[in-house]
Structures are given as C-alpha cells and as structure tokens.
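Architecture at a glance
Each chain, written out:
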Amino acid sequence: MSQTLIPHIDLTPLLADDPARDETRQAIVDAACGSGFMTVGIAPSQLDLPDDIHARLLRFFELDTAAKRRLARHKFEPANRNVYRGYFPPQNQDPTWKEGIDLGPDVAHPERADTQSGDPLRESTPQPTESELSGWSADVATYYEAMESLGGVIAGALAEGLGMSRETLTRPFAHGNSTLRLIHYPERPAETLAAMPAVDGSGDARRWMVGVPHCDNGFITLLWQDQVGGLQVRTPSGDWEEVPPREHALVVNFGRLLSDWSGGRIQATEHRIVGGTRSRHSIPFFFEPAVDAHIEAPDTAGDGGYIYGDRLWERMQAFVEFQGLERAPAADT
Ligand SMILES: O=C(O)CCC(=O)C(=O)O
Ligand SMILES: [Fe+2]
C-alpha cells in the first residue's frame, strides 16, 4: 500500500511566517480533507521545548503501582473522586491493552479547574507529588502550552484554507479544555496473545490489536509516537496503512466534531493500534474548545449550534471507559 495517503508536511514555513506558508497551509487542508491524517515535521526546539521532552513526560510510567493508583479514576479506585481526568490501568479486557493518564488544562492553567460546578469535564487533574516525580509537573505544563499554541496555528491554517476567518475556528479554544494523554501499551503476556488472533504480519512479526479501531471525538489530535510503530489508518479501500514513526514529527488527525463542523469536508478517519510483543508509548494531545464554547458550524449558521461540552459528553458515551458516568448539569456560564 502506498504511503502517499498520509503526507508528510514540514511546518517550518507556517511557524516562521515564511512566503511558502500558503503552500504549507494548502497541504494541511488537502490532507485534512483527503485521508484525514498527516505527519508534520516539527522539532521540539521550534516550540521552545527541550529535545528530550517526551522522555521527561513518560517518566510518569516509572511510578510504582500504588502511586499510580492514587491518581486513578473513580471507576478503577472507588475512593477517588476524579472521573474524567487521571490514571487508567491496563484492563485485561479484550482487545485494548494500555495504561495512561489524562491531563486537563489546569496542569498549565490552574484557574481553569472548576471545583464548584461538579462537572466532570472541568474537574482538576490529580498529579504525582513533586517528591514522587521531581520536575514532571513543570514539564507537563510546558508541553501542554506548546501543544495549545501549535493547535491554534493548525486551526487557523484550516480556517483560512477553508475560506473563513481565523477567529471562526480559533475563538472556541480560548480557555479550551484540551486533554494531554500519556499512553503506555505494555507487552502483552504470551498466554493472552496465544488465545487471540493476530491481526497483522506473520511469524515473528505478528502483531495483535492493542488499541481498537475508532475515530477521535473532538477537534484536532496532535500525536507523538515513539519509534516502535503500530498506529494504522483505515484507507478508503478498507485496508490499514501504517503511520511510520519519524523523528521530530507529530501525527495530526481530526475528530468527529470538527468533521461535522466543516460539513464533512475535514475527515475524521478511523485508526487502530497493533502490537503486543513490544512495549510502546504515545502522547496524544486532543486540542479541544472550552466546555461552554458555543460551536456554530459555518454552513449551518442560524440553526443555533451547540455547546461543546454537552455534545462531547454525548459522544463520549460510545467509549467504553466513560460508559455509566453521570454528568451533573454544568453551571450555566
Ligand atoms: O497510540 C497511538 O498512536 C494513538 C492513540 C489514539 O488513537 C487515541 O488515544 O485516540
Ligand atoms: Fe485516536
């Protein structure tokens, strides 16, 4: 299968406001409206981040089980109050096999945590203490802010490329409620693999499903993956094409709410993760509007639009990790 379905685009002209920026913007729009997936070339230093920033964030997985459990969501640790943010352990539930932590905007903007409304979408993020992981919270804050600003650049480029003002698409992200997720797909026990069909490769190169096929829900996903590989994208013919790991690059794809917003022009493309025999890490950043942002799709002006958090919550119920959660009515802000 040709790799051209997932183009690689150097972001430098866009960030530097170089004359080639129009071409870069068009390439982003073409990819968004084509396969819905691209890799973008961007070095951490271009976002004022240290080169080893991803390794620093992944120190989270060095915490012992008890420390991670203290940060676990209510579903996994009933004594804890947090339901939307926090740690999720591997669940030996066929076929997903991953652990991770979901970090909200308060990690970079403490004032965005809202403990009054009881709305899980706005709850504060449980974090390890400074003595458990020294310097980690500061790295998380720096990375979160860098991804927010990159998300803004890409959203602005998409808006302009689709013929609308930058503000149409960037305004809902002021006071946004993005999620930074750190993921570890551990090696899966051999006896579990023996009991499951491999979905890719043959012989020693066989790989199993570790992340089920899905479309992202929200707006724009900015994903770092390590060099192990295993992220695959559904092609129009129904095959799976691998997104090759690259140094100094992020994978960019789009969620269903942005696809709807664009009247179906931007594609929310299905993807899955295969592996099982090698530990793998990835760091998606789900760039999302404010919980109370009023989203008005450009082509349907006048139909009233919707409140982002309400629509997100509805859509989240399709994801097994969020089923059965109650959402107290949000304060009317
Ligand atoms: O691990 C990956 O490469 C992708 C993860 C993903 O698709 C997701 O968390 O939505
Ligand atoms: Fe995804």
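Quick caveat: nothing in here was measured; it's all calculated off a predicted structure. (Residues numbered from 1 in each chain as written. Chains lettered and ligands numbered in written order. Predicted model: local features only at pLDDT ≥ 70, side-chain atom pairs only at ≥ 80, totals over all residues. Heavy atoms only, no water.)

1. Re helix 9 (residues 308–316)
Those residues of helix 9 lying buried are Tyr 308, Gly 309, Leu 312, Trp 313, Arg 315 and Met 316. What you see down the axis of helix 9 is that its buried residues fit within an arc of 165 degrees, all on one side. Each element contacted by the buried residues of helix 9 is listed here: helix 8 (256–261), strand 13 (294–295) and strand 14 (306–307). (Buried < 20%, exposed > 50% of the residue type's maximum accessible area, 1.4 Å probe, protein only. Helix = DSSP H or I, 4+ residues; strand = E, 2+ residues; numbered from the N terminus. Arc of directions from axis to C-beta. Contact = heavy atoms within 4.5 Å.)

2. A short note on the coordination of the iron ion (ligand 2)
Looking at the iron ion (ligand 2), the protein donor atoms are His 214 (NE2), Asp 216 (OD) and His 271 (NE2), and they sit 2.1 to 2.2 Å from it. Each donor residue of the iron ion (ligand 2) belongs to the same chain, with the gaps between them written as H-x1-D-x54-H. Classification of Asp 216 as buried rests on a relative accessible area of 6%. (Donors = N, O, S within 2.8 Å, 3.2 Å for Na, K, Ca; no water.)

3. Here we look at the packing of aromatic side chains
Enumeration according to the criterion identifies eight aromatic pairs in this entry. Here the aromatic rings of Phe 60 and Trp 136 are separated by 5.7 Å at their centres, their planes lie at 35 degrees, and the arrangement is tilted. Linking Phe 60 in the loop between helix 3 (53–57) and helix 4 (65–70) with Trp 136 in helix 5 (residues 136–161), this pair joins segments that are 76 residues apart in sequence. Trp 136 matches Phe 60 in its accessibility class, with the two residues each being buried. Where Phe 173 meets Phe 287, the ring centres are 4.0 Å apart and the plane angle is 5 degrees; that geometry is what we call stacked. With Phe 173 in the loop between helix 6 (166–170) and strand 5 (179–185) and Phe 287 in strand 12 (residues 280–287), this pair connects stretches of sequence that are 114 residues apart. (Phe/Tyr/Trp six-rings, centres within 6.5 Å; stacked < 30°, edge-to-face > 60°.)

4. Quick notes on the UniProt feature "domain: Fe2OG dioxygenase" (unreviewed entry) in the protein chain
Look at the UniProt record and you will see "domain: Fe2OG dioxygenase" (unreviewed entry) annotated at residues 175–289. In the segment residues 175–289, helix accounts for 10% and strand for 40%; the C-alpha atoms at its two ends are 7 Å apart. (UniProt positions renumbered as here; feature names shortened; annotations may be inferred.)

5. Things to note about the side chain of Arg 272
For Arg 272, the position within the fold is in strand 11 (residues 271–275). Salt bridges are absent for the buried Arg 272, whose nearest opposite-charge side chain, Asp 200, sits at 4.6 Å. Only 2.8 Å separates the side chain of Arg 272 from the side chain of Gln 232, close enough to count as a polar contact. For Arg 272, the residues in contact, after removing those within four places along its chain, are Val 199, Met 209, Gly 211, Val 212, Pro 213, Gly 230, Leu 231, Gln 232 and Trp 240. (Lys, Arg positive; Asp, Glu negative; His and termini not counted. Salt bridge = Lys/Arg side-chain N within 4 Å of Asp/Glu carboxyl O. Polar contact = N/O pair within 3.5 Å; in protein donor to acceptor, adjacent residues only side chain to side chain.)

6. Description of the pairing of strand 5
Among the seven residues of strand 5, seven are classified as buried, and the element is accordingly described as predominantly covered. Residues Thr 179, Arg 181, Ile 183 and Tyr 185 of strand 5 are buried on one face, and the alternating residues Leu 180, Leu 182 and His 184, pointing to the opposite face, are buried as well. The pairing of strand 4 (residues 99–103) with strand 5 spans five bridges and is antiparallel. Of the residues in strand 5, the one forming a bridge with Gly 100 is Ile 183. (Pairing = 2+ DSSP bridges.)

7. Brief notes about the site of ligand 1
Taken together, 13 residues surround ligand 1, and among them Tyr 185, His 214, His 271, Arg 280 and Ser 282 come closest. Contact between ligand 1 and Arg 181: an oxygen atom at 3.4 Å from a side-chain N or O atom of the residue. Between an oxygen atom of ligand 1 and a side-chain N or O atom of His 271, the distance comes to 3.0 Å. Computed on the free molecule, ligand 1 has an accessible area of 300 Å², of which 95% lies beneath the protein chains in the complex. Of all the elements in the fold, those that place two or more residues in the shell around ligand 1 are strand 5, strand 11 and strand 12. Broken down by element, the residue count for the shell around ligand 1 peaks at four residues, all from strand 12. Taken together, the residues of the shell around ligand 1 sort by class into seven nonpolar, three polar and three charged. (Near = heavy atom within 4 Å. Areas by Shrake-Rupley, 256 points an atom, 1.4 Å probe, with all protein chains shown as cover. Nonpolar A, V, L, I, M, F, W, Y, C, P; charged D, E, K, R; others polar.)

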